[in-house]
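Okay, here's what each chain looks like letter by letter:
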Amino acid sequence: MYKFVKNLLKQKLEYLIFEDFASKSSLSDLPVYEQIFATKPFIMSTQSGVELHMLVCEKDFLRSFWALKSFFYYSGISARLVIQNDGSLSSQALDLYSEHFPNCVVNTDNDDKIRDALTNHPMCQFFVGHHAISKKLFHPLLLSQSRYVLIMDSDILWFRRSKAIANCVKNCFPFYVNGGSGAYVRNQKFMESRLDLYPADNVNSGIVGYQKSKFIDMEFIESAIKKLVHIPKENLLESIGYIDDSVDIHSEHINETLCWWVMEQTIYALLLGREPQRQALPSWSNRLLVKLFGDLHQFTNSPIMRGTALIHYISDSWHNQFFPVGVQHLINRGFLEKISK
């Protein structure tokens, strides 16, 4: 009897915590995930104290539409939208951004402008020439026109308003979501003890907010990149941080001994580390009220609950959850119909 009652209470609790919707029929003859292109445009603000920047490649173009439309529908944040082309977006993709987000800014050929701005910063210039992810760092810092900047990846879906993020934007507090580990080019202990660099803990740069005037310190960024790259060979093993297939710890070329893919995340962590008002938003909570009514900023492999504000579907090429889980949930919720009214 006790076990029966316990299971019954668990089922009732799960009904309260987790969202469950019946499958929705198609809006049109478009393939189900491309139905986002049949929805109404979101007219972008041209005068705002907030800018939303997103770096996009052709491969993630469809994802970016779901990410952006869910952001503008659920977040409650009015922002000037800036799309940064990584260099692979087709002309058709660029036209669709202008069609669905009128007044947005689509940056395509501005790398020379960035390099000119970095004339006296050779390490920053090298980063720009070496890896497209640099556009997620330097282009917002150097080209943004608003007081407050939001950076968001194209693999993030919103499910409701985040009071925590809205409060950070309103008060110009820097914020990030705690990723649970420090995926930096060098490990945090080494940076602090050997390089006199102090990153904020466990920064995930999938979504970051900051006040531009407090982050645009090019001398600090130049110095930090130089320190992170030029490590004496005898200290390389000790310094190892995040690594992937691009890293060769034994290479004669010093730039190949670290993962440039997470350099922008490392720099954001260092800039956030200098901000006493930074807000590290938790990605999970075991508290019932938070699951029901709180702000949950989650990652891949976590369930969509009533308190889920957003999920960052990181490494989705492995997990395959962005579309069949996250987007399908929005469709079943009636999201397409809601943004088409």
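A quick note: this is a predicted structure, and the numbers were derived from the prediction, not measured.

**Student:** I would appreciate a short explanation of the overall build of the chain in the present structure.
**Tutor:** Counting its regular elements, the chain contains 16 helices and ten strands. Across its three principal directions, the C-alpha atoms of the chain cover 65 × 55 × 40 Å. Sorting the 341 residues of the chain into buried and exposed places 53% on the buried side. Considering only contacts in the chain between residues 6 or more positions apart, those separated by 24 or more positions represent 76%. Within the structure as shown, the chain displays about 16,200 Å² of accessible surface, and the carbon and sulfur contribution to it stands at 52%. Of note, the chain has its 35 positive side-chain charges centred 12 Å away from the centre of its 35 negative side-chain charges.

**Student:** Teacher, can you tell me more about a nonpolar patch on the surface here?
**Tutor:** The grouping of L237, I240 and I243 at the surface amounts to a nonpolar patch, some 290 Å² of accessible area in total. Among the secondary structure elements, I243 is positioned in the loop between α11 (236-239) and α12 (263-273).

**Student:** Help me understand helix α7 (residues 163-171), please; the structure alone is not making it clear to me.
**Tutor:** Helical geometry: 3.6 residues make up each α-helical turn, so side chains three or four residues apart lie on a common side. The set of residues buried in α7 consists of I165, A166, C168 and V169. Considered in projection along α7, the buried side chains sweep an arc of 160° and stay on one side of the axis. Residue C172 follows α7 closely and has a positive phi angle near 60°.

**Student:** I keep staring at empty space enclosed by the protein and nothing clicks. Help me out?
**Tutor:** If a probe as big as a water molecule is rolled over the atoms, it shows which places are left empty. Within this structure, the stated rule accounts for one cavity of 30 Å³ or more. Lining the largest cavity are H53, M54, L55, V82, Q84, K135, K136, P140 and I151. For the lining of the largest cavity, the secondary-structure elements that each account for two or more residues are β1 (50-56) and β2 (80-85). When residues in the lining of the largest cavity are grouped by element, the largest group, three residues, is from β1. Class assignment of the residues belonging to the lining of the largest cavity gives a composition of five nonpolar, two polar and two charged.

**Student:** What am I meant to see in the sheet that holds strand β9 (residues 296-299) here?
**Tutor:** The strands that make up a sheet are held in pairs by hydrogen bonds between backbone atoms, and each pair lies either parallel or antiparallel. With respect to topology, three strands assemble into an open sheet ordered β5-β10-β9, the strand pairing being mixed. Of all the strands in the sheet, just β5 (156-158) and β9 have a single pairing partner and so form its edges. Each neighbouring strand pair of the sheet contributes to a mean axis angle of 20°, computed without reference to strand direction.

**Student:** Mind showing me how you'd approach the nonpolar core here?
**Tutor:** Residues W66, Y97 and F101 are the most contacted members of the largest nonpolar core, which totals 55 residues. Residue contributions to this core peak at eight residues, all from helix α2 (residues 61-74). Once residues within four sequence positions are removed from consideration, F101 is found in contact with F42, M44, F65, L68, K69, F72 and L81. L118, L141, I151 and V229 belong to the second-largest nonpolar core, a separate cluster that totals 46 residues.

**Student:** Any chance you could explain the side chain of S64 here in plain terms?
**Tutor:** In this fold, S64 is placed in helix α2. Exposure remark for S64: the relative accessible area of 0% places this residue in the buried category. In contact with S64, not counting residues within four places along its chain, are M54, V56, Y97 and S154.

**Student:** When you look at the layout of surface pockets in this model, what are you seeing that I'm missing?
**Tutor:** One number sums up the size of the largest pocket: a volume of about 1,100 Å³. If you go around the largest pocket, you meet 35 residues; those closest to its centre are D153, D155, W261, I314 and S315. Counting residues per element, the ones that place at least two in the lining of the largest pocket are β1, β7 (203-211), α12 and α14 (316-319). Element by element, the count of residues in the lining of the largest pocket is highest for β7, at four residues. Within the lining of the largest pocket, the residues separate by chemical class into 15 nonpolar, eleven polar and nine charged.

Basis of the calculations
Residues numbered from 1 in each chain as written. Predicted model: local features only at pLDDT ≥ 70, side-chain atom pairs only at ≥ 80, totals over all residues. Heavy atoms only, no water. Helix = DSSP H or I, 4+ residues; strand = E, 2+ residues; numbered from the N terminus. Buried < 20%, exposed > 50% of the residue type's maximum accessible area, 1.4 Å probe, protein only. Contact = heavy atoms within 4.5 Å. Areas by Shrake-Rupley, 256 points an atom, 1.4 Å probe, with all protein chains shown as cover. Lys, Arg positive; Asp, Glu negative; His and termini not counted. Charge placed at Lys NZ, Arg CZ, Asp CG, Glu CD. Patch = residues over 30% accessible without salt bridge, like charges linked within 9 Å, V, L, I, M, F, W, Y side chains within 5 Å. Salt bridge = Lys/Arg side-chain N within 4 Å of Asp/Glu carboxyl O. Arc of directions from axis to C-beta. 1 Å grid on protein atoms, 1.4 Å probe; cavity = no way out; pocket = protein on both sides within 12 Å on 5 of 7 lines; lining within 4 Å. Points joined across faces, edges and corners; volume = space filled by probe spheres on them. Nonpolar A, V, L, I, M, F, W, Y, C, P; charged D, E, K, R; others polar. Pairing = 2+ DSSP bridges. Axes fitted to C-alpha atoms, helices over the stretch in contact; angles between N-to-C directions. Core = buried A, V, L, I, M, F, W, Y, C linked by side-chain atoms within 4.5 Å.

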